[in-house]
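Structural description and commentary
Single-letter residue listing:
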Amino acid sequence: MTSYTVLVLGSGGREHALAWALSRSSEVRQVYVAPGNGGTNQTALPHLGASPITSVAIPPDNIAELVGFARRQKIDLTVVGPEAMLAAGVVDDFRAAGLRIFGPDRAATRLESSKAFAKAFMRDLGIPTADYAVFHQPDDAYRFLDSRAQAGRQADPIVVKADGLAAGKGVIICSDLDEARAAVHRIMVERAFGSAGQSIIMEECLAGAEVSVLAFSDGHSVLMMPPARDHKRVYDGDRGANTGGMGAYAPAPDIASDTALLEQIRKKVLEPTISGMAGRGTPYIGVLYAGLMLTDTGFKVLEFNCRFGDPEAQAIVPLLVNRGARAGASLMALLMACTERQLHQMNVNWRDGACATVVAASGGYPGAYQTGFPISGVEPLLNEPDMVVFHAGTAQHNGELVTSGGRVLAVSGLGHDLASALNRAYAGIARISFDGMHYRRDIGRKRLNGDE
Ligand code: AMP
Ligand code: GLY
């Protein structure tokens, strides 16, 4: 039996979920997480088939130090969580040092790090997406909006997006042209998202249910994960500001049951993207995440992400952890296969049923919030069946678990269907508390009511 040492880069709930699943992969002996969070130090749990997880205090922008650590510890595989590290070229630097790493290099990451690049790529390949235009100067953007006004489209909604990475906040849905002018001003003139707003795109506003389709790729073939659904708004009923994501579930039953639709998404989006990137000399190895909207006239790609989603990972990854007779390829085996161009040989057994995850956030998030509040109720959930707590903005302070970020933790529940998975997640989160804690009470409800 192989015995791998693995390094996960990042500090969120997604990275904790990846570390958790890797620690439960039978091929893995030790998982390190840099920099990790208050949940990524865990001794081996042999009764659960889990190897130890250890936090390493190296900040994400110190790539040279991360390379040094990987060399010294003889890391067999490094897995990148956040897009900012991919865009900074962490994969290029690890590969240049002869180290094995899972994720797209800087050139392939442009699918996420430049929306203008992604839109042009989709247009060239005929991948369905909203009509759009790119602007590099605010005056050109205003002139475009003036011409729309002259064409009698003052009251039509339009979407304004910063070209670059903006931590999920660079998209402004404008209900009319006045709002669009204000959005152009905010992004391009005030530079609300910094250099991400050097260029913008404006695109047609679409309506419909959203779904996140994630796939592994080895640069050649794709392996789809169960389709997931995120909940981006901060409050129940999809009200309030956009967040990084307040909860998710997988599989999204309306999509998962439509095998013809999934096949179309594979054939019209995922496969052309992978072969298109290879054809351009920038092969894509990693997780390709297509954010799709199911409109009346068919599905359209809203965006590509070059990594696992957060909190989608916390809902998808637990479906991969099968033990016993039904065990298929582990997460470790899949990631290794991607780096070896052997993905087509993998046989995955996704768990039956569903997984749902609910995020607990700090008071004030996604706006300003305070940190350092003690968190209670996490420890007793460790041995609960069909339930996992994934830490995000948590830290250990003098032996006490305290809040240290906006999205603090997520509770994932497993069940034979979406309703029972949600019950487990909510039963868990109800037992956790910290000052100012808030979470959505309606994750999955639209789906259960048949409205999505
Ligand atoms: P993105 O970062 O591009 O996924 O955008 C974030 C969110 O903005 C998406 O999940 C959608 O809810 C919304 N969005 C993005 N593009 C559009 C569009 N063209 N029409 C309507 N909503 C959009
Ligand atoms: N949950 C959305 C994202 O990870 O981008």
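Residues numbered from 1 in each chain as written. Chains lettered and ligands numbered in written order. Predicted model: local features only at pLDDT ≥ 70, side-chain atom pairs only at ≥ 80, totals over all residues. Heavy atoms only, no water.

**With respect to the packing of aromatic side chains**
Each aromatic ring pair is described using two quantities: the centre-to-centre distance and the angle formed by the ring planes. Taken as a whole and judged by the stated rule, the model has seven aromatic pairs. Residues Tyr426 and Tyr439 carry aromatic rings whose centres are separated by 6.2 Å and whose planes lie at 40° to one another, so their mutual orientation is tilted. Taken as a pair, Tyr426 in helix α13 (residues 418–429) and Tyr439 in the loop between α13 and α14 (445–448) lie far apart in primary sequence, 13 residues in all. The positively charged end of Arg441 is found above the aromatic ring belonging to Tyr439, 4.0 Å away from the centroid. (Phe/Tyr/Trp six-rings, centres within 6.5 Å; stacked < 30°, edge-to-face > 60°. Helix = DSSP H or I, 4+ residues; strand = E, 2+ residues; numbered from the N terminus. Lys NZ or Arg CZ within 6 Å of the ring centre and 35° of its normal.)

**What to know about the packing of helix α6 (residues 115–125) against helix α10 (residues 259–279)**
The interhelical angle for the contact between α6 and α10, taken along N-to-C directions, is 105°, at an axis separation of 11 Å. As summarised for this structure, α6 and α10 are arranged roughly perpendicular, according to the angle between their axes. Here α6 contributes Phe117, Phe121 and Leu125 to the contact with α10, which in turn contributes Pro272, Thr273, Gly276 and Met277. Taken together, the residues of the contact of α6 with α10 sort by class into five nonpolar, two polar and no charged. (Axes fitted to C-alpha atoms, helices over the stretch in contact; angles between N-to-C directions. Parallel < 35°, antiparallel > 145°, perpendicular 65-115°, else oblique. Contact = heavy atoms within 4.5 Å. Nonpolar A, V, L, I, M, F, W, Y, C, P; charged D, E, K, R; others polar.)

**Details of the sheet that holds strand β10 (residues 209–218)**
Taken together, four strands build an open sheet; the order of strands is β11-β10-β16-β17 and the sheet is antiparallel. The outermost strands of the open sheet, each flanked by one partner alone, are β11 (222–224) and β17 (298–305). With strand direction ignored, the average angle separating the axes of adjacent strands in the sheet is 35°. In this structure, β10 lies alongside strand β16 (residues 285–295), joined through 10 bridges in antiparallel fashion. Counterpart to Ser217 in the pairing with β16 is Gly286. (Pairing = 2+ DSSP bridges.)

**As for the environment of Gln396**
Mapped onto the elements, Gln396 comes out in strand β20 (residues 394–397). In the structure, Gln396 is positioned 358 residues away from Gly38 in sequence and 5.1 Å away in space, judged by C-alpha atoms. From its side chain, Gln396 meets the backbone oxygen of Gly38 in a polar contact 3.0 Å long. (Polar contact = N/O pair within 3.5 Å; in protein donor to acceptor, adjacent residues only side chain to side chain.)

**Focus on unusual backbone geometry**
With an omega of 25°, the peptide bond running from Asp310 to Pro311 counts as cis. Note on placement: Pro311 falls in the loop between β17 and α11 (312–316). A cis amide bond, omega 10°, links Tyr365 with the succeeding residue Pro366. Mapped onto the secondary structure, Pro366 falls in the loop between β18 (354–361) and β19 (387–391). Located in the positive-phi region is Arg191, a residue other than glycine, with phi close to 55°. You can see Arg191 is positioned in the loop between α8 (177–189) and β9 (200–204). Of note, Asp386 is a non-glycine position whose phi angle comes to about 55°, a positive value.

**A word on the sheet that holds strand β7 (residues 158–162)**
The sheet built from four strands is open, its strands ordered β6-β9-β7-β8 with antiparallel pairing. Edge strands, defined here as strands with exactly one partner in the open sheet, are β6 (132–135) and β8 (171–174). Averaged over all pairs of adjacent strands, the angle between their axes in this sheet comes to 20°, without regard to strand direction. Packed on one face of the sheet, helix α7 (residues 138–150) meets β6, β7 and β9 and runs near 20° to β9.

**Section: the site of ligand 1**
Around ligand 1, the surrounding shell holds 13 residues, and the nearest of these are Glu203, Glu204, Leu206, Glu210 and Glu303. Note that a nitrogen atom of ligand 1 is positioned 2.7 Å from one of the side-chain N or O atoms of Glu203. If ligand 1 stood free it would expose 470 Å²; the protein chains cover 91% of that surface. Broken down by secondary-structure element, the contributors of at least two residues to the shell around ligand 1 are β7, β8, β9 and β17. Looking at the shell around ligand 1 residue by residue, the class counts come to six nonpolar, no polar and seven charged. (Near = heavy atom within 4 Å. Areas by Shrake-Rupley, 256 points an atom, 1.4 Å probe, with all protein chains shown as cover.)

**Quick word on the pairing of strand β21 (residues 400–403)**
Bridging between β20 and β21 involves four bridges; their strand directions are antiparallel. Bridging across to β21, Ala395 finds its partner in Val402. Between β20 and β21, which follow one another and run antiparallel, lie two residues, and Asn398 among them has a positive phi close to 50°.

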